[in-house]
Amino acid sequence: LNHLNSIHPEIKFTYELESERSLAFLDTKIMVRPDGSVAHKVYRKSTHTDRYLHATSHHHPRHLDSVRNSLTNRALDLCDPDHLEQELTHIQEVLRKNGYRVSDNIRSRTRREKHPEVSRQPAFLPYVKGITDKVGTILKDYSIKTIFTPLTKVCKRLRTPKDVIPFQTPGVYKINCCCGSSYIRQTK
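Reading the values: the criteria
Residues numbered from 1 in each chain as written. Predicted model: local features only at pLDDT ≥ 70, side-chain atom pairs only at ≥ 80, totals over all residues. Heavy atoms only, no water. Helix = DSSP H or I, 4+ residues; strand = E, 2+ residues; numbered from the N terminus. Pairing = 2+ DSSP bridges. Axes fitted to C-alpha atoms, helices over the stretch in contact; angles between N-to-C directions. Phe/Tyr/Trp six-rings, centres within 6.5 Å; stacked < 30°, edge-to-face > 60°. Buried < 20%, exposed > 50% of the residue type's maximum accessible area, 1.4 Å probe, protein only.

Caption draft 1: Highlighting unusual backbone geometry. Non-glycine residue Arg-21 carries a positive phi angle of around 60°. Position of Arg-21 among the secondary structure elements: in the loop between α1 (2-7) and β1 (22-25). The backbone of Leu-26 sits at a positive phi, close to 55°, despite the residue not being glycine. Looking at where Leu-26 falls in the secondary structure, it is placed in the loop between β1 and β2 (28-32).

Caption draft 2: Layout of the sheet that holds strand β3 (residues 38-42). Strand order across the open sheet formed by three strands is β1-β2-β3, with antiparallel pairing between neighbours. Edge positions in the sheet fall to β1 and β3, since each of these pairs with one other strand and no more. On average, each strand axis in the sheet is inclined to that of its neighbour by 20°, with strand direction left out of account. The sheet contact formed by β2 and β3 spans five bridges and is antiparallel. Considered in β3, the bridge of Ile-30 is made with His-40.

Caption draft 3: Examining the packing of aromatic side chains more closely. Going through the model one piece at a time under the given rule, you end up with one aromatic pair. Judged by centre distance (6.0 Å) and plane angle (85°), the rings of Tyr-127 and Phe-148 are edge-to-face. Here Tyr-127 is found in the loop between β4 (123-126) and α4 (132-141), whereas its partner Phe-148 is found in strand β5 (residues 146-149), with 21 residues between them in sequence. The exposure class assigned to Phe-148 is buried, which follows from its relative accessible area of 6%.

Note that every value here comes from positions in space, so none of it alone points to a role or purpose.
Okay, here's the thing in structure tokens:
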């Protein structure tokens, strides 16, 4: 560790020791069973709130479906058989708390059959419930992928907290002085 940390002053490595015969790595918690074999399940930090995109929020249904699908697929990918049922039960409860209707088919992975697509530029559309999803369906018939964006973003409504830096864009600038002289320069 000392050698690795001495290589570059801006890059520092750390390490973590196992605790109670388990170690978290990314989204996975790896545990050693009493017989010495390894078990694994989904790991969440203690500060995790189980809050996701709420089912009643004004987003395209595909975005809402992705919450359910990503949580389910993560459980199916990361949990061993001993921990899968517990994780799927947790996901069902979390989805309910976030306003989703939950069915028992959450336990099976569903893969949609993909249609062959021609490579075309995608269409970016602001999502308006009942309108842009219909437009997206029409564009799909012509092999045009539709990417739905939020109608309004908070950052568009708020003024930037940062000062505007003068001469940020390339060009020729003239700065007048109170003495009557002027300073002319070009930025690139």
